[in-house]
Amino acid sequence: MKIKLSDKFLDFLRFDDFTFEFLESCTSAGKTTVGVIKFMFTVAKSPKQFHAICGLDNGVIERNIINKDCGLLDVFGGTVSYYSGGHGKIRLPHILFHTSGQDKVIYLVGYDNVAKWKKVLGTQFGVIFIDEANLADLAFIQEITMRCDRAFFTQNPDDPGLEWYKQYVNCSRPLDRYRADYPAELLQMLSELPKDGWVHWYFTFDDNAALSPEKRAQIVSSVPVGTKQYFTKILGLRRKTTGLVFSNFEQKRHVLTREQIRAAVDGTAERFVQFSCGLDTAYSAKSADTLAFSFIGVTDRRRVFVLDELVFNNAELSVPIAPSDTVRKLVEFAQRCGEEWGVTRELFIDSADAATLTECAKYKRANGCFFNFDPAWKKMKILDRINLQLGWFAHDEMTVCADCRVYISELERYCWQEGSDSIPEDGNDHMINSVQYAFLPYIGMIGGTA
């Protein structure tokens with residue numbers, strides 16, 4: 001049995017210096033298939049005889065781990081014997097793993113039934129594997145992890161408020177070489193006091209070398225955008241919210257390439273009549289917050305185009321950006337966009353950021369700058385801004401350049417708070433805020449009638 005493996009999964013199999021390994025990913029990333037392989041290798045090297053594979057129930061373990069294609073029986077063949085009803089002196093479901101030293105006993109433990117899993121808790125285990133650990137009873141995890149030397153945990157992202165994350169997963173850390181693969185918000189969550197030997201692995205569709213583009217497209221298209229399942233299963237993000245704010249935004253309908261925008265707004269049938277620039281600021285080096293620059297254009301057909309973006313996160317920079325640096329970067333961004341699309345003198349900056357506005361004033365005095373640095377106009381409530389954009393998307397009056405990947409990503413992630421359909425979450429909104437600062441002074445020129 002040959003299994004195609006990505007470089008990250010090869011590293012996962014190769015590195016063996018950890019005690020607890022947490023595998024988190026979107027669906028179909030390959031974490032269970034490859035995780036069980038490493039579990040079996042670790043069992044073979046363990047001096048102990050008794051080990052465990054844990055899942056929701058024995059039927060789920062059979063289906064997802066033992067009998068599936070590239071499952072345990074496929075990969076390990078004649079080296080394993082599976083006894084679903086027990087065998088000999090062992091009355092519980094188990095696997096015998098025939099190694100050169102001794103036969104290793106791997107119990108199957110369903111964590112759905114307290115009475116059943118308590119039957120195995122007198123055992124001291126060498127290695128345990130807990131599949132979909134985010135679904136398990138926390139008491140079960142606490143009990144069984146006290147009785148093992150090594151442990152592997154797989155999970156699809158779930159509600160970030162689960163105690164499972166606080167007590168276990170968020171105490172682990174990624175390898176430095178793979179930190180760049182992580183969503184910034186996930187890295188921010190791995191912030192509990194770290195435990196020695198606890199490592200976190202994050203996998204995506206890109207790490208499953210055996211997943212065909214056709215199968216990937218089928219999986220993605222089967223999950224409705226904006227649902228909790230879309231965030232957790234497809235985007236690989238922890239979420240408890242279920243309502244997408246910009247639910248009518250569609251990439252196929254509302255995103256164009258630079259070339260397509262130039263062809264549509266060619267100066268004859270339609271032309272740009274107003275440009276604007278927005279800036280939302282956040283300087284923390286310990287969070288996913290970003291400095292978000294946006295450049296937009298409004299046409300004589302009352303349409304608004306988000307034409308360019310620039311995003312910095314101080315947590316990712318060896319030399320953090322200060323407010324004085326931001327002013328220079330804003331001027332350079334506005335000049336570059338002006339040369340490509342058209343000039344604006346008005347640059348709208350988060351009015352709550354007094355430090356950056358002060359630096360802007362100093363810069364203008366020192367350099368006689370062409371641009372005006374304006375505090376963003378925030379009198380319109382956030383819900384009203386959202387309703388404006390929903391209307392513009394509904395009537396194809398708002399279009400986004402395909403190169404604005406961060407803004408597109410935020411439009412596809414920005415959610416309502418749990419239990420509310422009128423208060424958006426505080427996150428995934430820096431480019432959203434920046435674009436709003438840019439268009440708010442010109443809403444009378446966009447959509448329908450003034």
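So, here's what we can say about the structure. This one's a predicted model, so the numbers in the text were calculated from it and none came from an experiment.

About the cut-offs
- Residues numbered from 1 in each chain as written.
- Predicted model: local features only at pLDDT ≥ 70, side-chain atom pairs only at ≥ 80, totals over all residues.
- Heavy atoms only, no water.
- Axes fitted to C-alpha atoms, helices over the stretch in contact; angles between N-to-C directions.
- Helix = DSSP H or I, 4+ residues; strand = E, 2+ residues; numbered from the N terminus.
- Parallel < 35°, antiparallel > 145°, perpendicular 65-115°, else oblique.
- Left-handed = near helix turned anticlockwise from the far one by under 90°.
- Contact = heavy atoms within 4.5 Å.
- Nonpolar A, V, L, I, M, F, W, Y, C, P; charged D, E, K, R; others polar.
- Phe/Tyr/Trp six-rings, centres within 6.5 Å; stacked < 30°, edge-to-face > 60°.
- Buried < 20%, exposed > 50% of the residue type's maximum accessible area, 1.4 Å probe, protein only.
- Lys NZ or Arg CZ within 6 Å of the ring centre and 35° of its normal.

Right, let's get into the packing of helix H1 (residues 7-14) against helix H2 (residues 31-45). Orientation of H1 relative to H2, taken along the N-to-C sense of each, is 25°, at an axis distance of 9 Å. In this view, H1 runs roughly parallel relative to H2, as classed from their interaxial angle. For the element pair H1 and H2, the recorded crossing hand is right-handed. Note on element contacts: H2 touches H1 through Lys-31, Val-34, Gly-35, Ile-37 and Lys-38, opposite Phe-9, Phe-12 and Leu-13. The residue makeup of the contact of H1 with H2, split by class, is five nonpolar, one polar and two charged.

In this section: the packing of aromatic side chains. Per the stated rule, a full pass over the model turns up 36 aromatic pairs. Centroid distance Tyr-230 to Phe-231: 6.4 Å. Interplanar angle 80°. Geometry classified as edge-to-face. Judged by its relative accessible area of 0%, Phe-231 falls in the buried class. An angle of 80° between the planes, with centres 6.2 Å apart, marks the rings of Phe-272 and Trp-341 as edge-to-face. Here the residue Phe-272 occupies a position in strand E11 (residues 272-280), and Trp-341 occupies one in the loop between helix H13 (323-340) and strand E14 (346-349), the gap between them amounting to 69 residues. The exposure class assigned to Trp-341 is buried, which follows from its relative accessible area of 13%. Put simply, the rings of Phe-20, Phe-22, Phe-153, Trp-164, Tyr-168 and Trp-198 touch in pairs and so form one group of aromatic residues. The residue whose ring lies beneath Lys-38 is Phe-12, and the NZ or CZ to ring-centre distance is 4.6 Å.

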